Amino acid sequence: MKRSEFLKRLSAWSGAAAVTPSAWLAACGGDTGAGTGPSDDGSGPDGSPLQLPPTLRPDGLSLTAREGTVSLGPGQTSRAWMYDDLLPGPTLRGRTGDGVRMTLVNGLQEQTVVHWHGVDAPEHADGHPRLAVGPGATLAYDFTLENRAGTYWYHPHPHERTAIQTYRGMAGFFLVDDADSDALDLPAGSREVPLVLQDKRLDGSGEIVYAPSGPDIMTGFLGDVPFVNGTPFPYLPVDRTLYRFRLLNGSNARIFDLALTTGLSFVLIGNDGGFLERPETLQSILLGPGERVDVLVDFTGAPAGDTVVLQSRAFSLAGPPSSQGVAMDLMRFVISSAPAAPRALPEALPALPASPPTEGVPQQTFSFTSGMGRHRINGSAFQMDRVDARIPLGEPQVWRFLNSSPVPHPVHLHSAQFRVRSRIGGRGRLYPWEGGLKDTVLLMPFESVEVVVHFVRHRGLYLMHCHNLEHEDDGMMLNFEVT
Ligand code: C2O
Ligand code: CU
Ligand code: CU
């Protein structure tokens, strides 16, 4: 496909009221059906194959942040800011107890720092914005991986520049394995696929643009083109057997209500902090920015040559008008004709660590407000050196997050995973993907959520913030100190 055709498709697509790539594909005159058919010449599906970044051990590695050029499809390139010139960045994969030794090399024209989201890192290795380094500088990380097996990730965290740097492409997976995950014998190799889900805006020449307006800062910067692993609406050929997908919502602000077409379901086995108590079969999963789920999908019964679409379903939202909640087709799975050996689903999952007692423990309340175009926690904007909350190491507490605004806030804590205890207002209930251990919990408009926090590993200064990255950079963040 020529560059001009690519742009024609994209403009047809992004101009549509509901974002569905079938309009995009139709503009090319291909057999689109459900937006999924083979191309005219029968050579394969339309569009681009899913990209899979290399998997590296985070030991003795350097990660270079710099600008580069990426391919977004046939004949189309864009500038992007990346780790090691990759979109997404390399998948880091280690085992509990491993040493993490990484050097960040800043090849950008501005300061940066990398944060290991969900990983219990000591204060000096957590990527707090006060640790950011300038252009040309390097930053060394050296710590022990203490988390249980799970789906973690990494992204930049410089003061007021987290949104732009992450949006322009700096993000990757950080997967952890342990003896429990080994024992489960889950699909692996080409049948274990990390998928980072994002939305982007492209300008008239097909370049990724980041230029939030006032209203964009209110809602967060929403794109109209779905990207999976750095490619618009890619496809992945799959065998007719069980797959494991590690899904990360790596968007700045977009919430995805994930579902599969053709009646396939997700078997949810894990979330932010690793395996859940038991597998659960689900038709849809609502995932806010920063959240992850670990799911199994069984393609055994899918007809050869069929296409299954991973979608975000439409949902309605109170609050300022925006494209939050529009339906989006994210990517396609093209079912192979070759037979494959079926695989059983796991019947049980590894036990969760014991939860701390919560009877009569201290409580703290954090109120997330959005008004007059400003996003605040307890009325204040983030200040680098101000400590807004303290908690003794080892003491369980109940923290209450209140969203008294008409916009969603995915609330994230650094340092340790928490447990979600209750939700009142709004949806008024908890969901299966909110069990187990979490580091990010979605507060839809006017919801309040109680979580049980228990910091047992590291003393020091850590962050709480909204993971809507425009809200975060606007100041919806605070320092808490584990004392
Ligand atoms: Cu994923 Cu402080 O962030
Ligand atoms: Cu984090
Ligand atoms: Cu927010």
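Above this text you will find the structure in question.
Residues numbered from 1 in each chain as written. Chains lettered and ligands numbered in written order. Predicted model: local features only at pLDDT ≥ 70, side-chain atom pairs only at ≥ 80, totals over all residues. Heavy atoms only, no water.

A closer look at the overall build of the chain
Now for step 1: Of the regular secondary structure elements, the chain holds 6 helices and 32 strands.
Now for step 2: Over its C-alpha atoms, taken along the principal directions, the chain stretches across nearly 65 × 50 × 45 Å.
Now for step 3: Within the chain, counting contacts between residues at least 6 apart in sequence, those at least 24 apart form 77% of the total.
Now for step 4: Here the chain has roughly 16,800 Å² of accessible surface; of this, 51% comes from carbon and sulfur atoms.
Now for step 5: Between the averaged position of the 39 positive side-chain charges in the chain and that of its 52 negative side-chain charges there is a distance of 1 Å. (Helix = DSSP H or I, 4+ residues; strand = E, 2+ residues; numbered from the N terminus. Contact = heavy atoms within 4.5 Å. Areas by Shrake-Rupley, 256 points an atom, 1.4 Å probe, with all protein chains shown as cover. Lys, Arg positive; Asp, Glu negative; His and termini not counted. Charge placed at Lys NZ, Arg CZ, Asp CG, Glu CD.)

Looking at the coordination of the copper ion (ligand 2)
Now for step 1: Only His-115 (NE2) and His-412 (NE2) from the protein reach the copper ion (ligand 2) as donors, at distances of 1.9 Å. Placement of His-115 in strand β6 (residues 114-117) and of His-412 in strand β27 (residues 409-413) is noted, with a sequence separation of 297 residues between them.
Now for step 2: Owing to a relative accessible area of 0%, His-412 belongs among the buried residues under this scheme. (Donors = N, O, S within 2.8 Å, 3.2 Å for Na, K, Ca; no water. Buried < 20%, exposed > 50% of the residue type's maximum accessible area, 1.4 Å probe, protein only.)

Section: the coordination of the copper ion (ligand 3)
Now for step 1: Around the copper ion (ligand 3), the protein supplies His-409 (ND1), Cys-466 (SG) and His-471 (ND1) as donor atoms, at distances of 2.0 to 2.1 Å.
Now for step 2: In terms of primary sequence, the donors binding the copper ion (ligand 3) are separated according to H-x56-C-x4-H. Each member of the pair, Cys-466 as well as His-471, carries the same accessibility label: buried.

A look at the sheet that holds strand β32 (residues 477-482)
Whether parallel or antiparallel, the strands of a sheet pair through hydrogen bonds between backbone atoms.
Now for step 1: A sheet is described by the order of its strands in space; here 5 strands give the open sequence β25-β32-β31-β27-β29, paired in mixed fashion. If you trace the sheet from one side to the other, it starts and ends with β25 (387-391) and β29 (440-443), each paired once. When the angles between neighbouring strand axes are averaged without regard to direction, this sheet yields 25°.
Now for step 2: Bridging between β25 and β32 involves 4 bridges; their strand directions are parallel. Note on β32: the bridge partner recorded for Ile-391 is Val-482. (Pairing = 2+ DSSP bridges. Axes fitted to C-alpha atoms, helices over the stretch in contact; angles between N-to-C directions.)

Brief notes about empty space enclosed by the protein
Now for step 1: For the coordinates displayed, the defined rule picks out 5 cavities of 30 Å³ or more.
Now for step 2: In this structure, the largest cavity encloses a volume near 60 Å³.
Now for step 3: Lining the largest cavity are Thr-219, Leu-317, Ala-318, Gly-319, Pro-320, Ser-322, Gln-324, Pro-406, Val-407 and Pro-408.
Now for step 4: Among the residues making up the lining of the largest cavity, the classes are represented as 6 nonpolar, 4 polar and no charged.
Now for step 5: Looking at the lining of the largest cavity, you find at least three residues from each of domain 2 (189-335) and domain 3 (363-482). (1 Å grid on protein atoms, 1.4 Å probe; cavity = no way out; pocket = protein on both sides within 12 Å on 5 of 7 lines; lining within 4 Å. Points joined across faces, edges and corners; volume = space filled by probe spheres on them. Nonpolar A, V, L, I, M, F, W, Y, C, P; charged D, E, K, R; others polar. Domains from an automatic or database assignment.)

Focus: the layout of surface pockets
Remark: the empty space left among the atoms is shown by a probe the size of a water molecule rolled over them.
Now for step 1: Here the largest pocket defines a volume of roughly 430 Å³.
Now for step 2: Considering the residues around the largest pocket, the lining is formed by 26 residues, among which Asp-120, Pro-353, Gln-417, Leu-437 and Arg-457 are closest to the centre.
Now for step 3: Within the lining of the largest pocket, the residues separate by chemical class into 13 nonpolar, 6 polar and 7 charged.
Now for step 4: Of the domains in this structure, domain 1 (14-183) and domain 3 (363-482) are the two that each give at least three residues to the lining of the largest pocket.
Now for step 5: What lines the second largest pocket is a set of 16 residues, among which Gln-51, Ser-71, Leu-87, Asn-229 and Thr-231 lie closest to the centre.
Now for step 6: The element contributing the most residues to the lining of the second largest pocket is strand β2 (residues 59-73), with 4 residues.
Now for step 7: Formed jointly, the lining of the second largest pocket draws a minimum of three residues from each of two domains, domain 1 (14-183) and domain 2 (189-335).

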